[in-house]
Amino acid sequence: MKTLLLLLNLAPGCLLAELTMPHFFSDHMVLQRERPAAIWGKADANAEVTIAFKGKTATAKADANGKWRCSIDTGKADATGAALTISSGGKNISIKDVLVGEVWFASGQSNMSFTVSGSPIYAPLVAETNDPALRMFTAPRVTAVEPQDDIAGSWQLATPQTVPRFSSVAFFFARKLRQELGVPVAVIHSSWGGKPIETFTSREALVTLPSTQKLVDAAMKEDAAFDSAKANSQHEKKLAQWEKTMENFKTKPPEQKGRPPQRPTMPRRTLETDGKPGVLFNSMIHPFVGYTMRGAIWYQGEANRGASAVPYSQTLPLMIADWRKRWANEFSFYYVQLANFGTPTTEPGIEDGWVNVQNAMRRVLQTVPKTGMAVINEVGDAKDIHPKNKKDPGERLALWALAKDYGKTLVYSGPLYQKHEIVKDAIRITFDHAGSGLKASDAGVLKRFEIRGADGKWHWADAAIEAKDTILVTSKEVKQPVAARYAWAANPEGANLINSNGLPASVFTTENTKR
């Protein structure tokens, strides 16, 4: 935290006073253009605080606890760095090289955390990237029992030295906006791999939904039963055993060593454990609440594919609503649909938790306003849950922003199921976002369509493009069809429906699924 401490000469002793701000209010930050940008921090109790930026000023008064907050007009985008100064009671903070542009928040699990350096193919691009108007603030991975007001980190300009450590999806999202808008673009990145959506959502929100309230209740019960003395004692025993094992490991010949034994971690109470309900919201989301921004991007869902998981069609809207309420802003929220992953299926009628999450993401588009989804069911890796292609996901998220937030006329989504009708022995499916027409990516026949009759059995279907935005689905095996679906598999190898702009169609089912 940027802090200025002064000793006030007050007889008979000295009183320690402070003027502080969270880490993300620091050199090289970016303020959202054309909106009053929120600024906050701590000062002496009841003190007056003055903020100045590019000839404009704003004032605030600290409360009895020293907390203050105000906003200042930012004006149009400006790539020339200026100083943001905060003054109170003779104390001053000067934040240097502050730009005005577009600000986005990025979060999720490992595929959002995945850095540019994780894909060697991007090395040439990194080497030539030197863009001081593209910036990122990356939060560290920390936990907290209660909501926090600050988190470590610093703003980084995009250079060959810094970009390798940037979130890859967030970088390509910001880079696309920079190319199309020509204004400064900043991303606040706060993610943690392998974590379910419930940990990024506040416990206050989670308890409003019966299915997630159970998760909170279980965590609270487990936390209350935590015995630190007993846990530490057990840890000491494990540590002693580990030390003995390490001694034996060191004496082994190199060819017999293998991996060294893992040092046991210190025990933590449940509400300090990453992944538990509300924990990462407290530590990695709450500090940024209120930062003025255009919207958020999200890449998560892998950790919520289990059969016992609360349906993603419930948890994703809950988290979006939670964040928007706390920001007091119905900002745009765009997310990446899960990529194809796992052993490709070869038979119809296969069910999988992975595709349930994918389909739930599609359904959220229909129920939650100002949301968008990047479909990437052709860029995944059957053997790697972390596909190396992060350029397409990032840029496809940017297409939604360019169209919805910046007024660009373009095709911004792959084909999305709109409606269907049963016509004798066929099902006619109408799509949104067909562009100038639907087609097969390989110019062949459409694949991975399934059709079901009244007996409940799914069959592979013949699918023919009937018009610009409609497809007729049939099967010789099904004379009275009741439902159809597409790409219904964790890895629907061969799925090839795209629009005229080459964007792939999302998985869908005409059934009204609960998940």
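Heads up: these notes are all about the structure in this document. (Residues numbered from 1 in each chain as written. Predicted model: local features only at pLDDT ≥ 70, side-chain atom pairs only at ≥ 80, totals over all residues. Heavy atoms only, no water.)

1. Regarding the overall build of the chain
Scanning the chain from terminus to terminus reveals 11 helices and 25 strands. Compactness check: the chain gives a C-alpha radius of gyration of 26 Å against a globular reference of 24 Å for 515 residues, within 12% of the reference. The dimensions of the chain, computed from C-alpha atoms along their principal axes, are 95 × 65 × 50 Å. Here the chain holds 515 residues, and the buried ones make up 52% of them. Within the chain, contacts between residues at least 6 apart in sequence are counted, and of these 73% link residues at least 24 apart. Carbon and sulfur atoms make up 50% of the accessible area of the chain, which amounts to about 22800 Å² in all. If you average the places of the 63 positive and of the 52 negative side-chain charges in the chain, the two averages end up 1 Å apart. (Helix = DSSP H or I, 4+ residues; strand = E, 2+ residues; numbered from the N terminus. Rg over C-alpha atoms; globule rule 2.2 N^0.38 Å. Buried < 20%, exposed > 50% of the residue type's maximum accessible area, 1.4 Å probe, protein only. Contact = heavy atoms within 4.5 Å. Areas by Shrake-Rupley, 256 points an atom, 1.4 Å probe, with all protein chains shown as cover. Lys, Arg positive; Asp, Glu negative; His and termini not counted. Charge placed at Lys NZ, Arg CZ, Asp CG, Glu CD.)

2. Side note on the side chain of Gln109
Here Gln109 is to be found in the loop between strand E9 (91-108) and helix H1 (110-113). Here Gln109 falls in the buried class, since its relative accessible area comes to 3%. Excluding residues within four positions of it along the chain, Gln109 makes contact with Ser191, Trp192, Gly193, Gly194, Lys195, Tyr299, Gln300, Gly301, Glu302 and Ala303.

3. Overview of the sheet that holds strand E20 (residues 458-460)
If you trace the four strands from one edge of the open sheet to the other, you get E20-E19-E23-E25, paired in antiparallel fashion. Only two strands of the sheet have a single neighbouring strand rather than two, namely E20 and strand E25 (508-509). (Pairing = 2+ DSSP bridges.)

4. Some details on the pattern of salt bridges
Evaluated as defined, the whole model comprises 25 salt bridges. Between Glu180 and Lys176 there is a salt bridge; the shortest N-O distance is 3.6 Å. Within this pair, Glu180 and its partner Lys176 are both found in helix H3 (residues 168-181), separated by four residues, close to a single helical turn. Residue Lys176 is classed as buried on the basis of its relative accessible area, which comes to 17%. Here Arg326 and Glu204 are joined by a salt bridge, their closest N and O atoms 3.5 Å apart. Within this pair, whereas Arg326 is found in helix H9 (residues 312-327), its partner Glu204 is found in helix H4 (residues 203-206), the two being separated by 122 residues in sequence. What emerges from the salt-bridge pattern is a single network uniting Arg33, Glu102 and Arg294. (Salt bridge = Lys/Arg side-chain N within 4 Å of Asp/Glu carboxyl O.)

5. Side note on the nonpolar core
What tends to happen in soluble globular proteins is that the nonpolar side chains get buried as a cluster. If you look at the biggest cluster of nonpolar residues, it comprises 73 residues, and the most contacted ones within it are Trp68, Ile86, Tyr291, Trp298, Leu316, Trp323 and Phe333. In terms of residues, this core owes the most to one element, E9, which gives seven residues. In contact with Phe333, not counting residues within four places along its chain, are Ala296, Trp298, Leu316, Met319, Ile320, Trp323, Arg324, Lys370, Thr371 and Gly372. Residues Leu125, Val185, Ala339 and Leu399 belong to the second largest nonpolar core, which totals 39 residues. (Core = buried A, V, L, I, M, F, W, Y, C linked by side-chain atoms within 4.5 Å.)

6. Describing the packing of aromatic side chains
By the definition in use, this model includes 32 aromatic pairs. Ring plane angle 65° and centroid distance 5.8 Å describe the contact between Phe24 and Trp40, whose orientation is recorded as edge-to-face. With a gap of 16 residues between them, Phe24 in the loop between strand E2 (14-21) and strand E3 (30-32) and Trp40 in strand E4 (residues 36-42) connect regions that are remote in the sequence. With centroids separated by 6.2 Å and ring planes inclined at 35°, the aromatic side chains of Tyr334 and Trp400 adopt a geometry described as tilted. Of the two residues, Tyr334 is situated in strand E14 (residues 332-336) and Trp400 in helix H11 (residues 391-404); the sequence distance between them amounts to 66 residues. You'll find Tyr334 and Trp400 in the same group, each marked buried. Stacked on the ring of Phe114, the Lys or Arg Lys390 has its end atom at 4.3 Å from the ring centre. The cationic tip of Arg485 hangs over the ring face of Trp458; the distance from NZ or CZ to the ring centre is 4.0 Å. (Phe/Tyr/Trp six-rings, centres within 6.5 Å; stacked < 30°, edge-to-face > 60°. Lys NZ or Arg CZ within 6 Å of the ring centre and 35° of its normal.)

7. Quick look at the packing of H3 against H11
Running from N to C, H3 and H11 cross one another at 45°; their axes reach a closest spacing of 7 Å. Accordingly, the angle class assigned to the pair H3 and H11 is oblique. By crossing handedness, the relation of H3 to H11 is classed as right-handed. Residues Val169, Phe172, Phe173, Arg175, Lys176, Leu177, Glu180 and Leu181 of H3 form the contact with H11, whose own contacting residues are Lys391, Pro393, Gly394, Glu395, Leu397, Ala398, Leu399, Ala401 and Leu402. (Axes fitted to C-alpha atoms, helices over the stretch in contact; angles between N-to-C directions. Parallel < 35°, antiparallel > 145°, perpendicular 65-115°, else oblique. Left-handed = near helix turned anticlockwise from the far one by under 90°.)

8. Some remarks on the sheet that holds strand E16 (residues 416-423)
With antiparallel pairing, the four strands of this open sheet are ordered in space as E16-E17-E22-E21. The outermost strands of the open sheet, each flanked by one partner alone, are E16 and strand E21 (462-467). Neighbouring strand axes in the sheet, compared pairwise and without regard to direction, differ in orientation by 25° on average. As defined by bridge partners, E21 adjoins strand E22 (residues 470-474) across five bridges and the pair is classed as antiparallel.

9. Notes on the pairing of strand E10 (residues 131-138)
Consecutive side chains along a regular strand alternate between the two faces of the sheet. Of all eight residues that make up E10, six are buried, and the element is covered over most of its length. When E10 meets strand E11 (residues 155-158), the two strands line up antiparallel, connected through four bridges. In the strand pairing of E11, Arg135 is matched with Leu157. Summarising the sheet, E10 and strand E12 (residues 185-191) pair through five bridges and their orientation is parallel. Bridge pairing links Phe137 to Ile188 in E12.

10. As for unusual backbone geometry
Of note in this structure, Ala443 is not a glycine but carries a positive phi near 65°. Structurally, Ala443 can be placed in the loop between strand E18 (439-440) and strand E19 (449-453). Its identity is not glycine, yet Ala487 carries a phi of approximately 55°, on the positive side. Relative to the helices and strands, Ala487 resides in the loop between strand E23 (481-486) and strand E24 (497-498). Residue classification places Ala487 among the buried positions, given a relative accessible area of 2%.

11. What to know about the packing of H9 against helix H10 (residues 353-367)
The N-to-C vectors of H9 and H10 enclose an angle of 50°; their axes lie 8 Å apart at closest approach. Classified by the angle between their axes, H9 and H10 sit oblique to one another. Along this stretch, H9 crosses H10, giving a crossing that reads as right-handed. In contact with Tyr312, Ser313, Leu316 and Pro317 of H9, H10 contributes Val357, Ala360, Met361, Arg363 and Val364. Residues that form the contact of H9 with H10 fall into these classes: seven nonpolar, one polar and one charged. (Nonpolar A, V, L, I, M, F, W, Y, C, P; charged D, E, K, R; others polar.)

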